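# Residue-level structural notes
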Amino acid sequence: MPRAVKGVLIECDPSIKAIILKIDKDSGHGYIVEDLDDETLVVKEPKLAELKSRLLRGLVCAVDDDDHEGEGAESASG
């Protein structure tokens, strides 16, 4: 018998969607209900806050990594 899963429609850039897909894969597919197209996903509603948190942490880490790379380049050229 089919089961209904409460979900939230997420629209985002393809680059953000790729990060969400990686988070979902790394977690054993615990977040995404359906991958609809290049910019749209349906995510399990109870997991939305956790997914946002993981996404923000990933983005902050990526920005911090970029900042540190820039500092090293400035030091080497100065």
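No experiment lies behind these values; they were computed from the predicted model shown.

### Describing the overall build of the protein chain
Across its full length, the protein chain carries 2 helices and 3 strands. In sequence order, the secondary structure elements of the protein chain are arranged as β-α-β-β-α. Taken across its 78 residues, the protein chain has 21% of its residues classed as buried. Carbon and sulfur atoms make up 54% of the accessible area of the protein chain, which amounts to about 5,800 Å² in all.

### Some thoughts on the nonpolar core
Core analysis: the biggest nonpolar cluster contains 11 residues, these being I10, C12, I20, I23, Y31, I32, L41, V43, L48, L51 and L55. Taken together, the elements giving at least two residues each to this core come down to α1 (14–26), β3 (40–44) and α2 (48–77). Dropping the residues within four chain positions of it, L48 is found in contact with V8 and I10.

What counts, and at which threshold
- What you see as residue numbers is a count from 1 along each chain, following the sequence as written.
- For this predicted model, a pLDDT threshold of at least 70 governs which residues receive local features, and a threshold of 80 or more governs which side-chain atom pairs are given and counted, while totals over whole chains, interfaces and linings are taken from all residues.
- With hydrogens and water excluded, all non-hydrogen atoms of the structure serve as input to the side-chain values.
- Only DSSP runs of H or I covering at least 4 residues are called helices, and only runs of E covering at least 2 are called strands; the numbering of each starts at the N terminus.
- Only protein chains enter the area calculation, which uses a 1.4 Å probe; residues under 20% of their type maximum are buried, those over 50% are exposed, and those in between are partly exposed.
- Here the accessible surface of atoms and residues is derived via Shrake-Rupley with a 1.4 Å probe, and residues count as covered only by protein chains that are part of the display.
- Definition of nonpolar core: a set of buried residues of the types Ala, Val, Leu, Ile, Met, Phe, Trp, Tyr and Cys, connected through side-chain atoms within 4.5 Å.
- In what follows, a contact means two residues having at least one pair of non-hydrogen atoms within 4.5 Å.

Read these as geometric descriptors, not functional statements.
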